[in-house]
Amino acid sequence: MRVYEAIVAGLEDVGVEAAFGGAGENAAGLMLALKHSRRIRPIITRHEQAASFMACGYAMFSGKLGFCFATAGPGAFNLFSGLAMAMSDSYPVLAVSGYASRKWQGRGSLNETSGLAGTPDSRAMFAATTKKSYLLEDAADTCEVLEEAINIAFEGRPGPVHIHVPLDLTERGVKVGNVRPIRLGVAPVLPDPARVEEIASVLADAIRRHRRVVVLAGFGAVRSGAGPQIKHLVERFQIPLLTTLDGKGIMSETHPLALGVFADSGHTSAWKAFREADVVLCVGNSLNQHATFDYREDLFDGKVLIHVNIWETEFHKAYEPDHALLSDARPAVAALAEALERKVGPVPAADVAGKDYERRHIIHLTRGIHPGMLAQAIGRMLPEGAVLLADAGAHLAWLGYYVDVEEGQNFRKAGSFGPMAGHVNGALGVKLAQPGRTVVVGCGDGCYSLSGFELMTAVEHDIPVIWVIFDDQEFKLIKLYQISAYLESGLVEFENPDFAAYARACGADGYRVETIAEFEDAFRAALGSGRPTVIDARITRWAIPHYSPSPDGVIAGLVETLEERLRGEDRRE
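Named according to an unreviewed UniProt entry, the chain is Acetolactate synthase-1/2/3 large subunit originating from Nonomuraea solani. Quoted straight from UniProt, the Sequence similarities (unreviewed entry) entry for the chain says "Belongs to the TPP enzyme family."

Spelled out as structure tokens, the structure:
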């Protein structure tokens, strides 16, 4: 076999069924190897960045390896955004990119990225955006390097890896004479039984003494499939459940013990439960910026913090836990529940405040669709088992606040790296990984404008994703930040084309809607069509998402912001 043929065979060994990439001379052999694969479906994107986002989507909920590729030089560099997203959001992704011929290294040849002779250093750049990056030095090392890379992608906290393939290793006559099956042998991260007993004792003591305990679940719990274990834990011991935005759907959000999203754009019911808690059990939660109100220093004052995470580093990033349990979420929660069962008898039903009254009732007096009502309509009509993706922007706050994610559904926002259009494109990967699930993207018009041209890729390959564009012809989140920080806004408004007409020109279905009734008709048609669909929803500019910089509530947050601004004025004087 030639080098790229051996790589494709190895990908088949570990169950990869889709490959996302950009065309190029240095990737030509890989493109041909994928053409002849009977197991892997190749998707050539319009832009390599989209390929990297699609690889993230493929890995997002499937537990499979996402794979993307590009040619040498600028094509390879276009993968960085998706690899950074995979790094921040814990997706096992393998990227393969071309590399200029080593015979001409140091001469500044086309696409050379050796770092010599004034060329960029791609080895350093990929090393900075992956768990590990390799330069394949010898064709005989192909299977060894590929196997090591894939296993590293899945080890511990999952993440991206990368392999450079030099052009000279793809020349005629260069063979891989030692091709062998690629083995995936990653040991699970299991909890230390002694730590489990220690933490179970702390929880049991709190429950017996009627101290208030809450669970705060993040995407790590979703990624590990810990939903049934968390549901058993909170029901058996009557512990209220809070989630981060990425933890939505770990358990049905209409469950009586599910009190909503704990974040700066979250629910008052969740803020209240957290504020009153004595013990906080964080599961699969990185305690990142928006889930901690900008790393609020007093967030855990007077509380016992128990942190369950698969990565040791998470225990020391922002808040030192009182008790840490290094483990994948699912076995950790199962072990804690089992240990608690031996220590705690019957528990009376928890007395918890219900979800926010205001999230059900929206007063809307202006023209255009209210984005909260649009989010509610999406939530009402979202099919069983559907995936709802939110891109970066104000629409994310509306979807996170107003959509109740039911058991079996999934929700995901752009993670800590926060790329715009990451999910506009990543949705294609989600759909190919799990074709039986409905995939819906809620995105801003700014996000869609960045890379909505990949709709052509969806049409070409018959990938029926639904994009709902929250269209107000402005960068709303940036505008709100400008007004808050500078008391004015600028360069945030723009004109949009008719996205529905554009969709139809590409061969997809397209709808432009200006009322909730029109949206519901369009969404219903999209769900039934099995075709790529764009719904251009014209929303009002006058609605502001629910937000507070303080877990004590909106009023307290406004007071704190004003006090901080006055202190700043005093310091300047």
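Chemist: Could you clarify how one ought to interpret helix H8 (residues 193-208) in this entry?
Modeler: An α-helix turns once every 3.6 residues. As a result, residues three or four positions apart point the same way. With 16 residues, H8 extends 22 Å between its outermost C-alpha atoms, agreeing within 8% with the 22 Å of an ideal straight helix rising 1.5 Å per residue. Taken residue by residue, H8 has Val196, Ile199, Ala200, Leu203, Ala204, Ala206 and Ile207 as its buried positions. Within H8, the buried residues cover an arc of 160° as seen down the axis, which keeps them to one side. Here the buried face of H8 lies against strand E7 (213-217), helix H10 (227-237), strand E10 (279-283), strand E11 (304-309), strand E12 (323-326) and helix H12 (329-341). Where H8 terminates, the next one or two residues include histidine 210, which has phi positive at roughly 60°.

Chemist: Help me out: how do you make sense of unusual backbone geometry in this one?
Modeler: Where the residue is not glycine, phi is negative for most of them; where a peptide bond is considered, it is trans in most cases. Positive phi values are uncommon outside glycine, yet histidine 210 reaches one of about 60°. As for its placement among the helices and strands, histidine 210 is situated in the loop between H8 and E7. Taking the relative accessible area as the measure of exposure, histidine 210 reaches 68% and is therefore exposed. We note that glutamine 238 has phi near 50°; this positive angle belongs to a residue other than glycine.

Chemist: I would appreciate a short explanation of the packing of aromatic side chains in the present structure.
Modeler: Two measures describe an aromatic ring pair: the distance that separates the ring centres and the angle between the ring planes. This structure, assessed with the given rule, holds 17 aromatic pairs. Ring centres 4.2 Å apart and planes at 25° place the aromatic pair phenylalanine 262 and phenylalanine 274 in the stacked group. Linking phenylalanine 262 in the loop between strand E9 (258-261) and helix H11 (268-276) with phenylalanine 274 in helix H11, this pair joins segments that are twelve residues apart in sequence. Consider the rings of tyrosine 448 and phenylalanine 499, whose centres lie 5.5 Å apart with planes at 85°: the pair is edge-to-face.

Chemist: Please explain the UniProt feature "domain: Thiamine pyrophosphate enzyme N-terminal TPP-binding" (unreviewed entry) in the chain as it appears in this structure.
Modeler: Those residues carrying the UniProt feature "domain: Thiamine pyrophosphate enzyme N-terminal TPP-binding" (unreviewed entry) are residues 1-112 in this numbering. Helix and strand shares over residues 1-112 are 41% and 18% respectively, and the end C-alpha atoms of the span are 26 Å apart.

Chemist: Help me understand the sheet that holds strand E16 (residues 466-471), please; the structure alone is not making it clear to me.
Modeler: Sheet strands pair via backbone hydrogen bonds, and the direction of the pair is either parallel or antiparallel. Reading across the sheet, the six strands line up as E14-E13-E15-E16-E18-E17 and stay open at both edges, with parallel pairing between neighbours. Lying at the two open borders of the sheet, with one neighbouring strand each, are strand E14 (410-413) and strand E17 (509-513). Pairs of neighbouring strands in the sheet enclose a mean axial angle of 15°, with direction left out of account. For E16 and strand E18 (residues 533-538), the ladder comprises six bridges, and the chain directions are parallel. Counterpart to isoleucine 466 in the pairing with E18 is threonine 533.

Chemist: So what exactly am I meant to see when it comes to the environment of asparagine 111 here?
Modeler: For asparagine 111, the position within the fold is in the loop between strand E4 (93-99) and helix H6 (122-128). Each C-alpha atom of the pair asparagine 111 and glycine 98 lies 9.1 Å from the other, and the pair is 13 residues apart in sequence. Contacts of asparagine 111, omitting those with residues within four sequence positions, involve Ala72, Gly73, Pro74 and Ala100.

Chemist: I'm lost on the nonpolar core in this one. Help?
Modeler: The nonpolar side chains of a soluble globular protein tend to be buried, and buried together. One finds Ile230 and Trp467 to be the most contacted residues of the largest nonpolar core, which totals 90 residues. Ranked by the residues each element gives to this core, the list is headed by helix H3 (residues 48-60), at nine residues. Apart from residues lying up to four places away in sequence, tryptophan 467 is in contact with Val424, Leu428, Val441, Cys443, Tyr448, Leu455, Ala458, Pro532, Thr533, Val534 and Ile535. Residues Leu11, Phe69, Leu146 and Ala149 belong to the second largest nonpolar core, which totals 36 residues.

Chemist: What is the right way to look at the UniProt feature "domain: Thiamine pyrophosphate enzyme central" (unreviewed entry) in the chain in this model?
Modeler: Summarizing the sequence annotation, UniProt attributes the feature "domain: Thiamine pyrophosphate enzyme central" (unreviewed entry) to residues 203-336 in the numbering used throughout. As a span, residues 203-336 carries 29% helix and 20% strand, and end to end its C-alpha atoms are 9 Å apart.

Rules used throughout
- Every chain begins its residue count from 1, and numbering advances along the sequence as written.
- This being a predicted model, a pLDDT of at least 70 is required before a residue's local features are given, and a value of 80 or more before pairs of side-chain atoms are given or counted; all residues contribute to the totals for chains, interfaces and linings.
- Processing note: side-chain calculations cover all non-hydrogen atoms of the structure and skip hydrogens and water entirely.
- UniProt positions are given in the numbering used here, feature names are shortened, and annotations may be inferred rather than shown by experiment.
- Where helices and strands are cited, they refer to DSSP runs of H or I of at least four residues and of E of at least two residues respectively, numbered from the N terminus.
- To estimate the expected span of a helix, count its residues, drop one, and scale the result by 1.5 Å.
- Relative accessibility under 20% of the residue-type maximum defines a buried residue, over 50% an exposed one, and the middle range a partly exposed one, all with a 1.4 Å probe and only protein chains included.
- Directions are taken from the helix axis to each C-beta atom, and the arc is the one they span.
- Residues count as neighbours in contact if any of their non-hydrogen atoms are within 4.5 Å of one another.
- Two aromatic rings from Phe, Tyr or Trp, using only the six-membered ring of Trp, form a pair when their centres are within 6.5 Å; if the ring planes differ by under 30 degrees the pair is stacked, by over 60 it is edge-to-face, and anything between is tilted.
- Should DSSP find at least two bridges between two strands, the strands are regarded as paired.
- Each axis is a line fitted through C-alpha atoms, taken for helices only over the stretch in contact, and angles between the N-to-C directions span 0 to 180 degrees.
- Buried Ala, Val, Leu, Ile, Met, Phe, Trp, Tyr and Cys residues that are joined via side-chain atoms within 4.5 Å together make up what is termed a nonpolar core.

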